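Examination of the molecular architecture
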Amino acid sequence: MAAHEDDVEALVAEREYEAGFVTDLESDTVAPGLNEDVIRFISNKKNEPDWMLEWRLEAYRQWQQMKMPRWPHLHYPPIDFQKISYYSAPKSAKDKPKSLDEVDPKLLETYEKLGIPLREQEMLAGVEGAEYPTSGSNVAVDAVFDSVSVATTFKKKLHEAGVIFCSISEAIQEYPELVRKHLGTVVPRGDNFFAGLNSAVFTDGSFVYIPKGVKCPMELSTYFRINAENTGQFERTLIVAEAGSHVSYLEGCTAPQRDENQLHAAVVELVAEEDAEIKYSTVQNWYPGDENGKGGIYNFVTKRGDCRGDRSKISWTQVETGSAITWKYPSCVLNGDNSVGEFYSVAVTRGMQQADTGTKMIHVGKNTKSTIIAKGISAARGEQSYRGLVKILPSATNARNFTQCDSLLIGDKCGAHTFPYVESKNSTAKLEHEATTSKIGEDQMFYCQQRGLSEEDAVNLIVNGFCKDVFQELPMEFAVEAQKLLNVTLENAVG
Amino acid sequence: MISIKNLHAEVEGKPILRGIDLEIPDGEVHAIMGPNGSGKSTLASILAGREEYEVTEGSVTYKGKELLELDPDERACEGVFLGFQYPVEIPGVSNLYLLRAAVNARRKYHGEPEVDAVEFMQMVQEKIAHVGMSMDMVKRGVNEDFSGGEKKRNEIFQMLMLEPSLSVLDETDSGLDIDALKVVASGINRLRSPERSTILVTHYKRLLEHVVPDRVHVLYQGRIVRSGGPELADTLEEEGYANLETDEAAATS
């Protein structure tokens, strides 16, 4: 059957070449290429209301006028956006490995070390036919729980609290007013090239709504979101916290995930009204490619939070260990007076990985406060840049920022770069910036080894110490997993 | 305990040790004295397995094993402890965390189960009292924001916790006030036993008034030029290292 599908696709591709684009509305996969018909196809597939389609089309029109950013400190071959398929149902097994035998053995080794059961390994590696029975979401804790019953219990509990937590597709159907009111208000369609693309073609993602005064009774994880399959490529997430509400959201998982789609461009928007608080934690571990970087994910993400109300707070915590290319700057716009923005980040690049990541803190309201703690670790031939902007507008009287970015180098073929930008238009602002770059100290290594620790354990100890300020911001279980992940990631990094 | 024979070593092609012979029996404390640049710290580092020194000749036998063939962590697990002249800081890693990892590494090496948490903390409580450190201090990052004296106390605390067979203390007495010196000395004396040996690398006689060595050796230009009982330290203190050049000539001939 797979062969048959291949033939059809090949035919479609050829016809496209001869006579322009052809879309088969009955098929589950659209041929590569992007135009208004493809967007109509996606919207139609999802049964979207007209306003949503119009919104997508407008995004597409804006995107066509935009250029890919060239400023990041990243090197990769040009991406041909007409060669990407923008809608494929998960059952398209064409590119999937048929069994674990076809999967990069290095990846399997990592699964082994993280203690992931076989069945889950297949799922994570994207082996053909390996799907969860009810949920397509990818988190490596499934072995512990019965996902169906847990998810159902959680849904009930959330419902009682008045919290909405569903896929964005479902939200567009069920809560169109809420989505329409907030979508694109934090990251506008024309914000940047990748956000524009995402707005036009996003396939799915999460929607969270916390009503006024409600403290979300549990940490929300993408894991417990039913009906979330195949959202990886162009994911769209919107979280709205009404006045006085409180939510902690977890995204990603520690096990490396493979995906047949190489290009990922997600958009995450957070809205925090008066006194509301949003904590957003990410562990990103997309497949980084083999030793030569082949097959790794390109991850171009726009994440932004709007501290819209006075005294609101948005906190980003991220542990980035995967992807071949990472381009990501979770940001806060501090509109409300006395609002607070935080960014805690650990990013690891090894092998051939490249990351250009950091944050933006835009101070608009009075007495706004932001904290940036960025820890970068580079090993092997990994290249990493911290890029951060702190902007104080004239209205932001008494704004304060503290920035600390530290880089740790392991070996002598890797690189760390820091690009801090500061723009202050208000003389009452107080800004502090600290930056360090250190090689993993031979003295530190020798000290630990002299006390009896193996080289491997010594590296882990030093690196975990280096990342401690960030790890302690993660929810407990996540922090433990993140630490373990880091240890596995940096294995054999020194040598 | 340890037997060093004709040890030659260089760093970046420059010879530092030029034929050291040293025998330290079980249970003895030997002091190694000498002026700056004589090779004292190099000797200590080589025994612990630091990589930047290249041993070009000679051998070191420790408890019947070829010490130079072991990795630094193996040496540590075999009971070799180096008290560092300049202990490093490891931010974000608590002293206790490192120590527990060290204790467990030893246990694993010898096929023993990991240390019980309660037992470990009891040990910590007992040992910090010996060196005048607080629980608060040992919970902080490894040597993080410690004063020079505190770092040295911490070295002795670690030594007491790990109970090594051979302690090599590299100028642990330097930069200490008299109170700290007494703490360090009592720590060393506490571990003195027929099964343990100690090498004290020092500039000054001061420490040797509190820890009376069995033997004193004088290192000069990469060789041991004189050896004697504890009284040799007094002689050196009075005469300085000025006469060593003649000794060196004597040793060469």
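Our structure is the block above this text.
Below: a short report on this structure. (Residues numbered from 1 in each chain as written. Chains lettered and ligands numbered in written order. Predicted model: local features only at pLDDT ≥ 70, side-chain atom pairs only at ≥ 80, totals over all residues. Heavy atoms only, no water.)

Things to note about the sheet that holds strand β10 (residues 197–201) of chain B
All names here are of chain B. Reading across the sheet, the six strands line up as β6-β9-β10-β3-β11-β12 and stay open at both edges, with mixed pairing between neighbours. The strands lining the two open edges of the sheet, one partner per strand, are β6 (80–83) and β12 (223–228). Within the sheet, the average angular offset between the axes of one strand and its neighbour, ignoring direction, is 20°. Inspection of the sheet shows strand β11 (residues 215–220) paired to β12 by five bridges, in the antiparallel sense. In the strand pairing of β12, Y220 is matched with R223. (Pairing = 2+ DSSP bridges. Helix = DSSP H or I, 4+ residues; strand = E, 2+ residues; numbered from the N terminus. Axes fitted to C-alpha atoms, helices over the stretch in contact; angles between N-to-C directions.)

Let's talk about the environment of A:K413
Residues and elements named next belong to chain A. With respect to the helices and strands, the residue K413 is situated in the loop between β17 (400–410) and β18 (415–424). For the pair K413 and S378, spaced 35 residues apart in sequence, the C-alpha separation works out to 9.2 Å. Leaving out residues up to four positions away in the same chain, K413 has contacts with A380 and R381. (Contact = heavy atoms within 4.5 Å.)

Things to note about the side chain of A:Q450
Among the structural elements, A:Q450 can be located in helix α10 (residues 442–450). Assessed through its relative accessible area of 0%, A:Q450 is described here as buried. A polar side-chain atom of A:Q450 sits 3.0 Å from the main-chain amide nitrogen of B:L82. Aside from chain neighbours lying at most four places away, what touches A:Q450 is B:A48, B:A76, B:V80, B:F81, B:L82 and B:F84. (Buried < 20%, exposed > 50% of the residue type's maximum accessible area, 1.4 Å probe, protein only. Polar contact = N/O pair within 3.5 Å; in protein donor to acceptor, adjacent residues only side chain to side chain.)

Observations regarding the interface of chain A and chain B
The interface of chain A with chain B comprises 18 residues on the first partner and 31 residues on the second. Carbon and sulfur atoms supply 63% of the area buried between chain A and chain B, which totals about 2000 Å² over both sides. Per-residue buried area on chain A facing chain B is highest for A:F446, A:Y447 and A:R451; these three make up 40% of the total on that side. Linking chain A to chain B there are two salt bridges. A:D443 is the salt-bridge partner of B:R50, the closest N and O atoms lying 2.6 Å from each other. (Buried area = accessible area lost by both parts, 1.4 Å probe. Salt bridge = Lys/Arg side-chain N within 4 Å of Asp/Glu carboxyl O.)

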